[in-house]
Amino acid sequence: VFADLSAQINSSPSKSDQNENLPEWLVGGPESVEGISFQLCEAVQEVTGRANVIVLRDPNTQIASVVAVSSGGDRRLLGDQVSPSAAVGRACMSDVPIVGADMEDLFGSSRSDRRQGAQGGVAFPLWDLRECIGAVAVLGEHSTLAAEDRDRAQWLIKNAGPRLGRAATLRTAEQRAMTDELTGLPNRRSLERAMHDHSGGPCAVLCIDLDHFKALNDGFGHAAGDAALRHVAAIFKNALRAGDVPARVGGEVFALWLPGATAEKALDVANRVRDAVRGSILEYAGNDIGITCSIGVASIPESVSQVDNLLGAGDAAMYRAKEAGRDRIEVAVRKSI
């Protein structure tokens, strides 16, 4: 079976490599990873009559996850990670199609609908010319898939691979440019973009500075300082709602963007964050290191009227908190004219 299937990887219909024969979506359609993936899903479903799933492998973590499901598939699979030992996971690092007996065998998870549990399929490697970047799993009994339909599906997969690879590479580069490498949090550029996209209404920002950070670096070394930054970054992520943005904006300074939060809600978050940092212990090289932080809270409309002025107001309040003794919270209040 594998030999028969793999022999088809590089085959294609006559004149199939001519651009004029490519579907419009492959020539000038969507540019995003999600857009291209969904179009490929729908095209494969159209030629095979079968639901299918697209999985891409992250170039940094090498983790494979579901990025698209055809309209006939189980959309609960979206975002699921795929086990490297499952058929789809192995296909993501292969040059031959791999058959799975059922959904768990295919994806390494039994999450999907029990009614589909016995449904197997075949995972076709998805190549970006030089490397395998993922797989397309066509569901259903592979032995009943007509050879002509299989060939057409593989032709689509072969031609979509390079375009999907370029889109994924571009997205990875954009994500790197918007991410703080040490903590994995959004950086200042990403934070400012999120704040700029705010559509109006109440919102707030917390500006946070780690207290006595220079003394921590001097006493335990810069590696300990890096560990402390990662430590508090995890605390900030756990303290926020979906849609909130924690960011490292420079050095030991962080900002938490809270769209839709009132001044009262922002102050509540600030207290929870300060207490969480104060109550945590960083274990480093056999030492238990305590950390505290100073927080400035700025909100609309209580502190300023424009989103562009929030960070400045929060930053000024944060410095007041440091000057007043650290490990405390100060709220930016609109100046009367």
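Residues numbered from 1 in each chain as written. Predicted model: local features only at pLDDT ≥ 70, side-chain atom pairs only at ≥ 80, totals over all residues. Heavy atoms only, no water.

A. Region of the structure containing the overall build of the chain. Of the regular secondary structure elements, the chain holds 11 helices and 13 strands. The buried share of the chain, reckoned over its 337 residues, is 48%. In the chain, the share of contacts with a sequence separation of at least 24, taken over all contacts with a separation of at least 6, comes to 63%. Accessible surface computed for the chain: about 16800 Å², of which carbon and sulfur atoms make up 48%. (Helix = DSSP H or I, 4+ residues; strand = E, 2+ residues; numbered from the N terminus. Buried < 20%, exposed > 50% of the residue type's maximum accessible area, 1.4 Å probe, protein only. Contact = heavy atoms within 4.5 Å. Areas by Shrake-Rupley, 256 points an atom, 1.4 Å probe, with all protein chains shown as cover.)

B. Local environment of the confidence of the model for the chain. Averaged over all residues, the pLDDT of the chain is 88; the fraction at 70 or higher stands at 90%. Every residue in residues 1–19 scores below 50 in pLDDT, and together they form 35 contacts with partners more than four places removed in sequence or on other chains. Note on residues 112–117: pLDDT under 50 across the span, and 10 contacts to partners over four residues away in sequence or across chains. (pLDDT = per-residue confidence, 0-100.)

C. Structural view of the packing of aromatic side chains. Tallying each qualifying case throughout the model produces one aromatic pair. Here Phe-236 and Phe-254 contribute two aromatic rings whose centre-to-centre distance is 5.1 Å and whose plane-to-plane angle is 70°, an arrangement assigned as edge-to-face. In this pair, Phe-236 is assigned in helix H9 (residues 222–239) and Phe-254 in strand S9 (residues 253–259), connecting sequence segments 18 residues apart. Pair check on accessibility: Phe-236 and Phe-254 agree, each one buried. (Phe/Tyr/Trp six-rings, centres within 6.5 Å; stacked < 30°, edge-to-face > 60°.)

D. Quick peek at helix H6 (residues 147–177). Here H6 spans 44 Å end to end across 31 residues, near enough to the 45 Å set by a 1.5 Å rise per residue. At Gly-161, H6 is deflected by roughly 35°, the largest bend along its length, and proline Pro-162 occurs up to four residues later in sequence. (Expected span 1.5 Å × (residues − 1). Bend = angle between axes of the 7 residues up to and from the residue.)

E. Region of interest: unusual backbone geometry. Cis rather than trans, the peptide bond between Ile-300 and Pro-301 has omega equal to 10°. Looking at the element boundaries, Pro-301 is found in the loop between strand S12 (293–300) and helix H11 (310–323). Notably, Ala-285 is not glycine yet its phi reads approximately 50°, a positive angle. Positionally, Ala-285 belongs in the loop between strand S10 (281–284) and strand S11 (287–290). Given a relative accessible area of 66%, Ala-285 falls into the exposed group.

F. Quick look at the pattern of salt bridges. Scanning the entire structure with this criterion turns up 15 salt bridges. For the salt bridge of Arg-150 with Asp-151, the shortest nitrogen-to-oxygen distance reads 4.0 Å. Residue class for Arg-150 comes out buried when judged on its relative accessible area of 9%. A salt bridge links Arg-188 to Glu-192; the nearest nitrogen and oxygen atoms lie 3.1 Å apart. With a gap of four residues between them, Arg-188 and Glu-192 both fall in helix H7 (residues 188–196), about one helical turn apart. A relative accessible area of 40% places Glu-192 in the partly exposed class. (Salt bridge = Lys/Arg side-chain N within 4 Å of Asp/Glu carboxyl O.)

G. Region of interest: the nonpolar core. One finds Leu-206, Ile-208, Phe-236, Phe-254, Val-273 and Ile-295 to be the most contacted residues of the largest nonpolar core, which totals 33 residues. Counting residues per element, the ones that place at least two in this core are strand S7 (203–210), helix H8 (213–220), H9, S9, helix H10 (263–279) and S12. Examining the composition of this core, we find that nine residues originate from one element, H9, more than from any other. Those residues in contact with Ile-208 that sit more than four places away from it in its chain are Phe-236, Glu-252, Val-253, Phe-254, Leu-256, Val-273, Cys-293, Ser-294, Ile-295 and Met-318. In terms of nonpolar packing, the next biggest core, distinct from the first, is built from 26 residues, Val-33, Leu-40, Cys-41 and Val-138 among them. (Core = buried A, V, L, I, M, F, W, Y, C linked by side-chain atoms within 4.5 Å.)

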